[in-house]
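Examination of the molecular architecture
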Amino acid sequence: MKKKSLYINTFGCQMNVYDSQQIISQLNPIGYEVSESLDEADLIIVNTCAIREKAQQKAFSFFGRLAVLKRKKPGLIICAGGCVAQQEGKRILERFSYIDLVFGTHALKRLPEHIINISKKRCRISDVEMTDEILEFPSVASQVTNNIVTRFVTIMRGCDNYCTYCVVPHVRGPEISRKPEHIIDEIRKLVDSGVQEVTLLGQNVNSYGIKEGLCSFPELLRLVSETEGLFRIRFTTSHPKDLSQELVFAFRDLDKLCNHIHLPVQSGSNNILKRMNRKYTRELYLEKIDKLRKISPDIAITSDVIVGFPGETEDDFKATLDLVKEVEFDSLFTFEYSDRIKAPAAKFSDKISDDIKNGRLRELLELQEYYTTKKHRALVGSNELILVDGFSKKQDVASDRKGSEGIYWSGRTSTNKIVNFTSGDFFLKDDISIGKKINVKIEKAFLHSLLGKPVNLIPKPSKKKEETHAA
Ligand code: 5AD
Ligand code: SF4
């Protein structure tokens, strides 16, 4: 079969990254192979994200760029998938005449059939029907290459929480958990193909399996941790209201579980938390943080915060700043509130102006930078075990590169901090490779990363010595 070229552009969260991996696995058997070239593509898939207004705009502006390509190559198939597709449905086909297929979050399994039909009949299709079966796919393990050490694994889809600002339950449907045996099987295959770290994905992993009467999330973690050859386990996202003591104990009991939790707080004000329908109070959130730190004092805690939710007063915002000071998060993802058509808060009164939202975001970012840097600085001088996952992005280390020809490797600590390191002139560079676990002494702290040197450096044999040997 002649191979055809697939270009896939993924916007948004890790769930979309995972879905894109599934899409690739689905389309492989009908002859499509991933390519980095948009111009050469026979099939373009845009996996969209609707979580915030900006994410949606990015997807629309990318669609805009595709018109020229279709004119140049009329046989090209263009598809829009993901959350924006689910939300907008046929409206996308009406607005963009050159898009052939709109497929929603529950239509992944039917994708190959749709692509075959379009290429034969040149028809246009919209498939945004929601089904409540959890779809099992060919394992994403088939795409793992030697250089991939870390992978996402979806353990559940959808969400039942209906936070008032959030579009997810409306575009991804109700929460459904995958069976533990399917999850374990997929992880086993991933590990057999070289993966060493998995991140279990769900909108609220803490409610895993409850509805279906499967095992609890901490039990699932224990099962996953029994996978031989797996080095690390991460998970995201945890809803604070459902964080159980059993999960807290998992950080003590499971060696493979990384020492990091992402626990979105969204706001430090009880009034706003109530209007967001988050179902916990500031006090309950702080209590959970205490429990985690009692069990694991060095645990890294990260969070999401929305500023400018409708009705957020100066006092509400101050309560958020105070909470950030009290918790001292390792890092924060910060967002300006934006209306999402299907989310109830879009209809709330007391909208906050863009100027105020911008100002609050800046203030919050500045405060958090102080704590992120403080946490990073506290690690200088310590030894950290790093799983090497690639090469460093230049930004932070660039200033330190002068005079050194060494390769800068990159990896993460158990607490999810990025560490770049070089062996300079002292190490046999072939001894480091992607997938190796290396002990690194942290020497410098930056805002986004740390810089270090491997412990136990082996001196490089000098040229002179090699010559003597040869003689
Ligand atoms: N506006 C701004 N931020 C939002 N988020 C979700 N919906 C919105 C919205 N309408 C943020 C939340 C969530 C993260 C993934 O995106 O903080 O945790
Ligand atoms: Fe959205 Fe809330 Fe569900 Fe998270 S828990 S996906 S914020 S509705």
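The following paragraphs examine the structure supplied in this document. Small disclaimer: the values here were computed from a predicted structure and weren't measured. (Residues numbered from 1 in each chain as written. Chains lettered and ligands numbered in written order. Predicted model: local features only at pLDDT ≥ 70, side-chain atom pairs only at ≥ 80, totals over all residues. Heavy atoms only, no water.)

1. Looking at the overall build of the protein chain
Of regular secondary structure, the protein chain possesses 15 helices and 19 strands. Counting the 471 residues in the protein chain, one finds 55% classified as buried. Across the protein chain, contacts joining residues at least 24 apart in sequence account for 74% of those joining residues at least 6 apart. Carbon and sulfur atoms make up 51% of the accessible area of the protein chain, which totals about 21800 Å². (Helix = DSSP H or I, 4+ residues; strand = E, 2+ residues; numbered from the N terminus. Buried < 20%, exposed > 50% of the residue type's maximum accessible area, 1.4 Å probe, protein only. Contact = heavy atoms within 4.5 Å. Areas by Shrake-Rupley, 256 points an atom, 1.4 Å probe, with all protein chains shown as cover.)

2. Comments concerning the pairing of strand β18 (residues 437-445)
Strand direction decides the pairing type here: strand β15 (residues 383-391) and β18, joined by five bridges, are antiparallel. Residue Asn383 lies in a different strand from β18, and its bridge partner there is Lys441. By the bridge criterion, five bridges tie β18 to strand β19 (residues 450-454) in an arrangement that is antiparallel. Residue pairing in the sheet places Ile442 in a bridge with Gly452 of β19. (Pairing = 2+ DSSP bridges.)

3. Here's the deal with the site of ligand 2
What surrounds ligand 2 is the set Cys159, Asn161, Tyr162, Cys163, Tyr165, Cys166, Val168, Pro169, Gln203, His239 and Arg278. For the shell around ligand 2, the per-class residue count stands at seven nonpolar, three polar and one charged. (Near = heavy atom within 4 Å. Nonpolar A, V, L, I, M, F, W, Y, C, P; charged D, E, K, R; others polar.)

4. Remarks on the packing of helix α7 (residues 180-192) against helix α8 (residues 217-225)
A packed helix pair is summarised by two numbers, namely the angle formed by the two axes and the spacing between the axes. In the contact formed by α7 and α8, the axes pass within 10 Å of each other and the chain directions differ by 35°. Note on packing geometry: the crossing formed by α7 with α8 is right-handed. When α7 is examined against α8, the residues Pro180, Ile183, Ile184 and Ile187 are found in contact with a partner set consisting of Leu220, Leu223 and Val224. Split into classes, the residues belonging to the contact of α7 with α8 amount to seven nonpolar, no polar and no charged. (Axes fitted to C-alpha atoms, helices over the stretch in contact; angles between N-to-C directions. Left-handed = near helix turned anticlockwise from the far one by under 90°.)

5. Some remarks on the pattern of salt bridges
Following the criterion strictly, the structure yields 25 salt bridges and no others. Among the salt bridges present, the one from Asp19 reaches Arg157, with a minimum N-O distance of 3.0 Å. Of this pair, Asp19 sits in helix α1 (residues 14-27) while Arg157 is found in strand β8 (residues 156-157), placing the two residues 138 residues apart along the sequence. Residue Asp19 is classed as buried on the basis of its relative accessible area of 3%. Residue classification places Arg157 among the buried residues on the basis of a relative accessible area of 14%. Taken together, the salt bridges that share partners define one network made up of Asp19, Arg157 and Arg172. (Salt bridge = Lys/Arg side-chain N within 4 Å of Asp/Glu carboxyl O.)

6. Quick notes on the side chain of His262
Mapped onto the elements, His262 comes out in strand β12 (residues 260-262). For His262, a relative accessible area of 10% puts it in the buried group. A polar contact of 2.8 Å, which involves the side chain of His262, links it to the side chain of Thr302. A distance of 3.0 Å separates the side chain of His262 from the side chain of Asp304, its partner in a polar contact. Beyond its immediate stretch of four places on either side in the chain, His262 contacts Thr236, Thr237, Ser238, Thr302, Ser303, Asp304 and Phe333. (Polar contact = N/O pair within 3.5 Å; in protein donor to acceptor, adjacent residues only side chain to side chain.)

7. Brief notes about the sheet that holds strand β5 (residues 101-103)
Strand order in the open sheet formed by six strands is β2-β1-β3-β4-β5-β6, and the pairing between neighbours is parallel. Both edges of this open sheet fall to β2 (32-34) and β6 (125-127), since each of them pairs with a single strand only. The average angle at which neighbouring strand axes cross in this sheet is 20°, direction not considered. With three bridges connecting them, strand β1 (residues 4-10) and β2 associate as parallel partners. Looking at the pairing, Lys4 lines up with Tyr32 of β2. Helix α5 (residues 111-121) rests against β2, β3 (43-48), β4 (77-81), β5 and β6 of the sheet, and its axis sits at about 170° to β5.

8. Some points on the packing of aromatic side chains
For the structure on display, the rule yields 14 aromatic pairs. Residues Phe96 and Tyr98 carry aromatic rings whose centres are separated by 6.1 Å and whose planes lie at 70° to one another, so their mutual orientation is edge-to-face. Here Phe96 falls in the buried class, since its relative accessible area comes to 7%. Tyr98 gets classed as buried once you look at its relative accessible area, which sits at 14%. With a centroid separation of 5.5 Å and an interplanar angle of 75°, the aromatic rings of Phe309 and Tyr337 are classed as edge-to-face. You can see Phe309 sitting in the loop between β13 (300-307) and α12 (314-327) and its partner Tyr337 sitting in the loop between β14 (331-336) and α13 (354-377), a full 28 residues away along the chain. (Phe/Tyr/Trp six-rings, centres within 6.5 Å; stacked < 30°, edge-to-face > 60°.)

9. Thoughts on the site of ligand 1
The immediate surroundings of ligand 1 are formed by Ile51, Arg52, Tyr165, Gln266, Asp304, Ile306, Phe335, Glu336, Tyr337, Ser338 and Arg340. Within the backbone of Tyr165, one N or O atom sits 3.0 Å away from a nitrogen atom of ligand 1. Asp304 is positioned with one of its side-chain polar atoms (N or O) 2.6 Å from an oxygen atom of ligand 1. Protein coverage of the free-state accessible area of ligand 1, which is 400 Å², stands at 87%. Of the residues belonging to the shell around ligand 1, the class tally is five nonpolar, two polar and four charged.

Remember that the coordinates give geometry; whether it matters functionally is a separate question.
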